Structure formats: C-alpha cells, structure tokens
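Geometric and topological summary
Single-letter residue listing:
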Amino acid sequence: MGLDRLTDPATWGTGLSDEGARRALAAEVACIEAADDRRVADRKVLIWCAGNVFTAPLRWVHRFPDAVLKAPSSRPGPALAIGQAFGCPVEVLPHAEAFHLLDEADAVLGFGSDQAMDELASRLTVPHSLHGHRVSVAVVEDISNDNARKVAMDAVLHDGQGCRSPACVFVLGDAERFSMRLAQALRELAHEVPRGDIDPALGPQIRHRLGLGRVYGRTWNGSEWGVPMLPVEHADPVALPRVVTVHPATRAAIEDTLSTWPISAVSSDVELDRPTVSLGQLQSPPDDGTWEGVDILERLA
C-alpha cells in the first residue's frame, strides 16, 4: 500500500486538466520520495481535507499509517483515490455533518477556510494542527527567462488555487521586462499544461485585477492566464487562477507588505528577513514533517 498504488490522477476529478493533475501529483510524489521515512503509527489521525489542492493529504497519510480522511463532499475523488492507495478509510461528508468524526480521533490535521478551521478548533480537545487561508509570494532580483519560467510553473501547478500558489511577484529591478518574460512563460505553459475548470464566480475578480493593471500599469494576458503589473500599493493577498501580479518594489516595501499578510511561503533569489525557499519551489516544499512552520509530527504525536 502506498505511493506505488496511486492511479492516474486524470481520473480522480481534480478539476485540473489531465496534464495539470499529472504534473501536480508528480511534484508531490517527488517530495515524498526524497524525504526521510519517519512515521507515527500509534495515532489515529483525522485529516480534514480541503477541495482546492488535491495532493495535500498525501505526505500525511504516508507519515500517519492509521489516518482517516474526511473528504470534501464537493470534490471527493482525490481523497477516495489516495485512501484506496494507502488503505485508509475515507469519509465523504459535508463539513457541517462530519463533526462526529472528531470523537474517534487521537489527533486532527485540518485544511480549509479560516471559518472552517475556527469551527473545528472550537470542538477539539485532542492535539491538532489547523491550517486556514494563507498566501504565498515570490521575490525576484534576477529577471532572467529561467526565473520567469520557475515562477510561472509555480502558478500553473494547481492552477494558482492553493496556499502555495504565488499571488504576486515583487521585483527588485526591471519589473516590466520580467513581466513580459513571465507572460511568455505562462503563454507557453498554457499549451503544455492546459488550465482546468475554474469557478465562474472568479471571473469578475480576474477581470478586475487585469483591469487595474491596464489603468495603473500594464497588463499582458491570454485566455487562460494574465500578468498585470501594478504599483506595490495595489498588492493584494489573493491568488487567482494563473493570474500573477507583478509589483516593482524595494526591500523595505516588500517587508512592510508581507508583515501584514497571512504568509504560507515566500520564494526568492535574494536573502530576506524571513525564511524563504528557492524560486520554483513554492509547490515543492521539502517533506520534513513540518508545514507552514509547524512541526506536524511533534504536535500531533
């Protein structure tokens, strides 16, 4: 039971394109295979899954052999496939109808909206680690084509809908040239890895962001992607599907902005006053038993 029993994610109903699902799964499996093999076998851990990043439970069912998955009723396919591969139970229930599962858990690992996680926290007496809304960004000084491609790939994986998708890029240098290179990379990747289905409700938000770029800066866009370039005063901690906003910025402005945002991760090619990962590694964080600065193994075990 395990990684070698995973089936083709194109059949899981992830909401991504077939190639998008395969790329996302391959990236996460590579992280797990490169990690140590520490496991916690004496804890019945309930993993409360969100519907946006289908790979999120993988590294944890690998770490906790006695896991139970609470699948989102809106998109249960990925959790069911992962549960089958790892031989762990899967409960498909709406959020409000699943609280009885907490009574049977020794520990709870939760992913979802802030409201959903707050509601879980109010009902828990066992060890838990709950992860609500977070946002990630990239900080770029070297505006090379290679770095543009790395940022673009992070935006393409999971169609920019996860907490580790880059909501924006802060550029220390020629932001317009980097924007053009990022647009070209997203244009090429749209052919290699087509975008999947997106929530129609996001359409107005996407058009608004692109429109702001046209009014206050510049915008490059295609049918499945967009790169608005805006002054840093317009920075917004909201990730949109394959829309990556570029902000010309100083180090001081970047630190001031990030100090007020709920940060999941920062990728950068320069040293900052906070932990960072290399450009292109937002969607491939090391599987070291931690998440967003929390030692999950220690907290739950």
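Thresholds, definitions, all that
Residues numbered from 1 in each chain as written. Predicted model: local features only at pLDDT ≥ 70, side-chain atom pairs only at ≥ 80, totals over all residues. Heavy atoms only, no water. Salt bridge = Lys/Arg side-chain N within 4 Å of Asp/Glu carboxyl O. Helix = DSSP H or I, 4+ residues; strand = E, 2+ residues; numbered from the N terminus. Buried < 20%, exposed > 50% of the residue type's maximum accessible area, 1.4 Å probe, protein only. Expected span 1.5 Å × (residues − 1). Arc of directions from axis to C-beta. Contact = heavy atoms within 4.5 Å. Polar contact = N/O pair within 3.5 Å; in protein donor to acceptor, adjacent residues only side chain to side chain.

Under the defined criterion, the tally for this structure stands at 17 salt bridges. Residue Arg23 pairs with Glu192 through a salt bridge whose shortest N-O separation is 3.9 Å. Here Arg23 is found in helix 1 (residues 18–33), whereas its partner Glu192 is found in helix 6 (residues 175–192), with 169 residues between them in sequence. Of the residues examined, Glu192 reaches a relative accessible area of 33% and is grouped as partly exposed. A salt bridge links Asp287 to Arg63, with the nearest nitrogen and oxygen atoms 3.3 Å apart. Of this pair, Asp287 sits in the loop between strand 11 (263–268) and strand 12 (290–291) while Arg63 sits in helix 2 (residues 58–63), and the two are 224 residues apart along the sequence. For Arg63, a relative accessible area of 0% gives the class buried.

Bringing helix 6 into the picture now. End to end, helix 6 covers 25 Å across 18 residues, agreeing with the expected 26 Å (1.5 Å per residue, within 8%). Of the residues making up helix 6, those classed as buried are Ala175, Phe178, Ser179, Leu182, Ala183, Ala185, Leu186, Leu189 and Ala190. Around the axis of helix 6, the buried residues are gathered within 170 degrees of arc, so they sit on the same side. Looking at the buried side of helix 6, the elements it contacts are strand 6 (135–140), helix 5 (145–156), strand 7 (166–171), strand 8 (218–221), strand 9 (226–229) and strand 10 (245–248). Capping of helix 6 at its N-terminal end is provided by Asp174; its side-chain oxygen lies 3.4 Å from the backbone amide nitrogen of Glu176.

In short, geometric facts, not functional conclusions.
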